[in-house]
Amino acid sequence: MFIFFFLCNLSLEPAAASKNKVKGSQGQFPLTQNVTVVEGGTAILTCRVDQNDNTSLQWSNPAQQTLYFDDKKALRDNRIELVRASWHELSISVSDVSLSDEGQYTCSLFTMPVKTSKAYLTVLGVPEKPQISGFSSPVMEGDLMQLTCKTSGSKPAADIRWFKNDKEIKDVKYLKEEDANRKTFTVSSTLDFRVDRSDDGVTVICRVDHESLNATPQVAMQVLEIHYTPSVKIIPSTPFPQEGQPLILTCESKGKPLPEPVLWTKDGGELPDPDRMVVSGRELNILFLNKTDNGTYRCEATNTIGQSSAEYVLIVHDPNALAGQTGPDHALIGGIVAVVVFVTLCSIFLLGRYLARHKGTYLTNEAKGAEDAPDADTAIINAEGSQVNAEEKKEYFI
């Protein structure tokens with residue numbers, strides 16, 4: 001009724017006044033912007049006019065129902081409220097937005113003729129928390145596992161990614177289906193892989209990414225439980241077992257389920273001396289060793305999946321022989337000392353020879369012709385040229 005009354009008043013204005021309004025309204029244009037909001041959120045629709053000579057503004061919904069005319073509410077909907085109303089702006093809010101609110105909204109400026117501007121309201125459908133299906137515990141090592149992650153209600157369709165130990169898995173199947181409301185989508189992704197014992201205890205993550213989640217993805221997790229046959233290893237308490245000393249052999253077994261207890265045998269039969277060879281859990285404790293303990297010891301572990309074993313060959317060493325083997329090699333040290341002495345003697349002999357030859361040469365060159373002289377002075381006098389340089393070449397030898 002209010003709009004009808006307003007339009008009737010416009011039609012009754014004098015012709016001159018109508019001409020002025022048309023002329024003055026040529027530069028008036030309403031301005032709007034498209035809005036995107038998450039389902040359940042609040043949308044703000046704003047219409048602005050830079051130049052306005054007191055002309056009314058109106059917001060209408062996609063069904064062309066008037067929501068607000070200036071500052072007057074026209075549609076009874078408690079979710080719709082006035083934010084700001086002036087000659088230059090009309091802003092309204094729509095709270096608790098649903099998918100049905102999506103569509104094209106119209107801002108009208110009642111000039112002659114009426115000018116309009118469109119704003120499209122996009123409502124994002126939030127995907128539901130994902131669920132992982134297809135896992136049944138336990139899974140046997142070597143089996144093919146197929147996990148499916150599904151989420152519904154996303155608009156547009158959400159993206160699903162898989163991770164195993166924080167490492168993304170790329171080779172997956174992806175399926176998108178439209179929901180019954182023909183507005184949102186159900187998305188599913190399937191992961192296939194063959195499991196081994198390294199997958200036991202691993203966390204597989206399905207992550208859903210969507211623009212409505214504000215960069216905080218939704219995740220679903222599945223911890224894997226893999227059953228596998230035992231792995232066995234024997235660890236001795238000392239690398240050199242000695243006669244008279246104790247020895248502990250530890251049977252380290254890993255498996256799922258955990259094998260308990262383990263079976264110890266020697267040379268294919270039972271342990272020969274139960275009084276000295278005590279089994280405690282996974283340990284075989286030989287209290288004091290002797291040569292009769294030499295042989296092959298076997299540890300066998302069994303669980304519901306299978307059986308595995310390991311062997312250890314025991315050689316009991318004589319403490320004295322072992323000490324001689326591990327002590328210093330005296331023969332080697334003696335040989336090294338002999339070589340050093342021999343090299344030293346050879347060096348002294350060669351040095352003496354060199355000095356002797358050097359002295360003889362000096363006498364020959366400096367006192368040539370005086371070999372038969374009884375003493376040094378006579379040799380100098382008898383040497384060649386002694387008459388000229390007797391004083392200069394005179395030398396004494398002790």
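Cut-offs used in this document
Residues numbered from 1 in each chain as written. Predicted model: local features only at pLDDT ≥ 70, side-chain atom pairs only at ≥ 80, totals over all residues. Heavy atoms only, no water. UniProt positions renumbered as here; feature names shortened; annotations may be inferred. Core = buried A, V, L, I, M, F, W, Y, C linked by side-chain atoms within 4.5 Å. Buried < 20%, exposed > 50% of the residue type's maximum accessible area, 1.4 Å probe, protein only. Helix = DSSP H or I, 4+ residues; strand = E, 2+ residues; numbered from the N terminus. Pairing = 2+ DSSP bridges. Patch = residues over 30% accessible without salt bridge, like charges linked within 9 Å, V, L, I, M, F, W, Y side chains within 5 Å. Areas by Shrake-Rupley, 256 points an atom, 1.4 Å probe, with all protein chains shown as cover. Salt bridge = Lys/Arg side-chain N within 4 Å of Asp/Glu carboxyl O. Polar contact = N/O pair within 3.5 Å; in protein donor to acceptor, adjacent residues only side chain to side chain.

You'll find the protein chain entered in an unreviewed UniProt entry as Cell adhesion molecule 2, with Canis lupus familiaris given as the organism. The record in UniProt for the protein chain states the following under Subcellular location (unreviewed entry): "Membrane".

Enquirer: Requested: an account of the nonpolar core, with residues and values cited.
Expert: L57, W59, I92 and L121 are the most contacted members of the largest nonpolar core, which totals 22 residues. Here the element with the most residues in this core is strand β3 (residues 43–49); it accounts for 4 residues. Grouped together as the second largest cluster of nonpolar side chains are 19 residues, C251, V262, A301 and A310 included.

Enquirer: Which residues make up the pairing of strand β21 (residues 247–256), and what are the values?
Expert: The alternating pattern of β21 places L247, L249, C251, S253 and G255 on a buried face, while none of I248, T250, E252, K254 and K256, on the opposite face, is buried. Pairing of strand β20 (residues 226–236) with β21, which is carried by 7 bridges, proceeds in the antiparallel orientation. Residue pairing in the sheet places I235 in a bridge with T250 of β21. One ladder, built from 4 bridges, connects β21 with strand β24 (residues 283–286); its direction is antiparallel.

Enquirer: Outline a nonpolar patch on the surface, listing residues and values.
Expert: A contiguous nonpolar surface patch, about 470 Å² in accessible area, is contributed by I333, V337, V341, L345 and I348. Looking at where V341 falls in the secondary structure, it is placed in helix α4 (residues 330–366).

Enquirer: Lay out the side chain of S56 in plain terms, naming residues and giving numbers.
Expert: Mapped onto the fold, S56 is located in the loop between β3 and β4 (57–60). Looking at S56, its side chain comes within polar contact range of the side chain of D70, at 2.8 Å.

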